[in-house]
Each structure stands twice: as structure tokens, then as C-alpha cells.
Amino acid sequence: MQVLFSILGRAAQAAVMILIVIVLNFALIHLAPGDPAEVIAGEMGGTNAEVLAQLRAAYGLDKTFIHQLWLYMSHVLSGDLGQSFYFNAPVLSLILQRLPATLLLVISAILIAIVVGTLLGVMAARRPNGWVSNLITVLSLVGFSAPVFWTGILLILLFASAIPIFPVGGMRDVARLDAGWWAGTLDVLHHLVLPASTLSIIYIAQYSRMARASMLEVLGADYIRTARAKGVPERLVVFKHALRNAILPIVTIVGLQFSSVLAGAVLVEAVFAWPGLGSLAYMSILRRDSPTLLGILLFSAVVVIVVNMLTDLAYRLIDPRIRANS
């Protein structure tokens, strides 16, 4: 029962946070310089005063800020994210069309970062003063310091130009659009390698350093010494007893950093022309398409809040001490 009350309390907090996000996003975009009506009129080929007035009236831009905010919130609460100014399509349908590509990129990058970063941290912790540990530390510092877009450009120059084994950008090869399911899946994975690697490198560096520090602390605990004294094989000591407790900080930081991963995906999608929410947000910013941008920001906030709640649940499942206290 206490767990149920905890979940309901977090759901109520999430609802309040979403309302705050809606208001703040709408206010910030409303205060941004530029007139969406002028952008729309420019795309239509005319910018006279009569056309601008008609466009402002058609999209509700001639109303006061409070009136526009009230209309927007009422539509959002009814499940309507509005109509895109530029694409002339429902914002929700645009988001749902681009969402699978972004989720594929983000989830792949996170999984790569967790697996590779944790393994590197474990390797460094087993011999903390060895050359392998020092090499991993140096590579982690380099990976953490490199900007995402710079890493992406380097990977393109290396693996798409100098050694052309991966495609430069996009998600599918135009010549293979009519291929079967298996061939199409392999084509998507082939295009995914460079973007996912680019997005994961900085988090591999963070997780490896965190896993190393956490493993060093856990390996010095009394129960680890007891397990070794009983003759438990070193592989089981490290990967069964020590790693389960050492990975708890990584699980926590993954949930907290999900928003930064989404933000990094915007740059990665722009570099690799990946057809996800990041590239859609980039185009919406350039064209002052505020309904689409508001929808993407709201959807991203909801995803981040849900992921944080799932992270808390995963933490409870991994650590029995939290289950016992809840």
C-alpha cells in the first residue's frame, strides 16, 4: 500500500511539473523575437499587411498572451497539440512519425554507454594502478571533453570518407526502401552505427569513471573479502556480488541524464541527417514553427519524467534494501 501511495504521489508531482513546463515553454517561445506570420507569409511568397493580418487571425496570433496560453493549454489537455505552421499537419502526428527514429538512436546510445562504460570501469577497477586502468582513464577524459558534433564530424571523416564502411547520414538507403524486413533492418542498423556511437562516447567516458570508482569501493567491502575467503571464483565475486551493488549509481545517473541524452540527440541528428525529433525541432526553430516546437518540448518533458519514475522503480528492484524500507 505504501508503494502505491508513493507512485500516486509521484504521478501528482509529474502532473504539476508538466503544467509548469507547458507554461514556461509557451512563455519563452512567445517572448522570442520574430513573427511566425511573417515566416509563413514568406513561404507563401507574399508579405503584405493584409496577408499578415489574415494569417495572425487564422492561427490566433492576434489574441493576447493570456488568451493564447489558455487556448493552448485547453487543447493540450484534450490531447490536441495544435497544427504545424510550416508542415500544415497535426503536431502530434509529426511527433509520432519521428519518434521511433529518435527512440532508436537514444536507446541504442544509452545501452552502448552502459555496457561499454561498465565493462571498462570493471577492467580499470580490477587493476587500478595498471596500464589498462591508466589508458581507460585517459580515454575517458578525452571522450568526456570532446563535443558531440565534433566527434560526429570526426567519425564521418574517418569511417565514411577515409574508410568508407558506414553511410554518411540518413536512416535508410534509398535503393533499399523496397527491400524485405530483414534487409531493411540491417540497413537501418548500418546507418545507426555512427550516430549511436557519437552520442554514446561522452556517456561511456562518464560511466566508466563512475563504474571504476564504485567498483573500487565495493571490492573493498567486508562481504567481498568474505566471499573470496570462502573460495568463490573471482569471476563470480566481480560480476555477481560486486557489480550488482556497484551499478546502482550508474542506474541513477542514467535516469537523471536522459534529458541531456535527448538534447545531445538534436546535434547528432543534425550532423547525420537522422530523421528524428531532433532534426524536426531544428527545422521548427529555423522556421518559427512554434506549435511543433512546443509539442516536441512537451513530449520530451513527459518522456524524461516517465523515465525518471521508471529509474526509481528499477532502483527499487535492484537494491533490496530500498524495497525493505518502502
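Preceding this paragraph is the structure being described.
Residues numbered from 1 in each chain as written. Predicted model: local features only at pLDDT ≥ 70, side-chain atom pairs only at ≥ 80, totals over all residues. Heavy atoms only, no water.

To continue, consider the side chain of threonine 151. Tracing the backbone shows threonine 151 in helix α7 (residues 148-162). On the basis of relative accessible area, threonine 151 is assigned to the buried category, the value being 9%. Aside from chain neighbours lying at most four places away, what touches threonine 151 is Ala146, Thr198 and Ile201. (Helix = DSSP H or I, 4+ residues; strand = E, 2+ residues; numbered from the N terminus. Buried < 20%, exposed > 50% of the residue type's maximum accessible area, 1.4 Å probe, protein only. Contact = heavy atoms within 4.5 Å.)

Secondary-structure assignment places threonine 118 in helix α5 (residues 91-126). Taking relative accessible area as the criterion, threonine 118 reaches 7% and is therefore assigned buried. One polar contact links the side chain of threonine 118 to the main-chain carbonyl oxygen of isoleucine 114, over a distance of 2.6 Å. Once you skip the residues sitting within four places of it in the chain, threonine 118 turns out to touch Ala113, Ala211, Leu243 and Ile250. (Polar contact = N/O pair within 3.5 Å; in protein donor to acceptor, adjacent residues only side chain to side chain.)

Moving on, we get to the packing of aromatic side chains. Summed over the entire model, instances satisfying the criterion amount to 5 aromatic pairs. Relative to phenylalanine 65, the ring of phenylalanine 26 has its centre 5.7 Å away and its plane inclined at 45°; by these criteria the two rings are tilted. On the criterion of sequence distance, the pair formed by phenylalanine 26 in helix α1 (residues 2-31) and phenylalanine 65 in helix α4 (residues 65-77) is long-range, its members being 39 residues apart. Judged by relative accessible area, phenylalanine 65 falls into the partly exposed class, the value being 27%. Plain terms: the ring middles of tyrosine 86 and phenylalanine 87 are 5.0 Å apart, the flat faces sit at 85° to each other, and that makes the pair edge-to-face. For tyrosine 86, a relative accessible area of 34% puts it in the partly exposed group. Among the aromatic residues, those joined into a cluster by ring pairs are Phe26, Phe65 and Tyr72. (Phe/Tyr/Trp six-rings, centres within 6.5 Å; stacked < 30°, edge-to-face > 60°.)

Moving on, we come to the nonpolar core. Counting residues in hydrophobic clusters, the biggest one holds 30 residues, and the most contacted among them are Leu105, Val106, Leu199, Tyr203 and Phe258. When contributions to this core are tallied by element, the ones reaching two or more residues are α5, α7, α8 (181-219), α11 (248-256), α12 (258-272) and α14 (290-318). A per-element tally of this core places α8 first, with 9 residues. Excluding its chain neighbours within four sequence positions, the residues that come into contact with phenylalanine 258 are Val106, Ile110, Val303, Val304 and Val307. Counting 20 residues, the second largest nonpolar core, distinct from the first, contains Ile22, Ile29, Val76 and Ala89. (Core = buried A, V, L, I, M, F, W, Y, C linked by side-chain atoms within 4.5 Å.)

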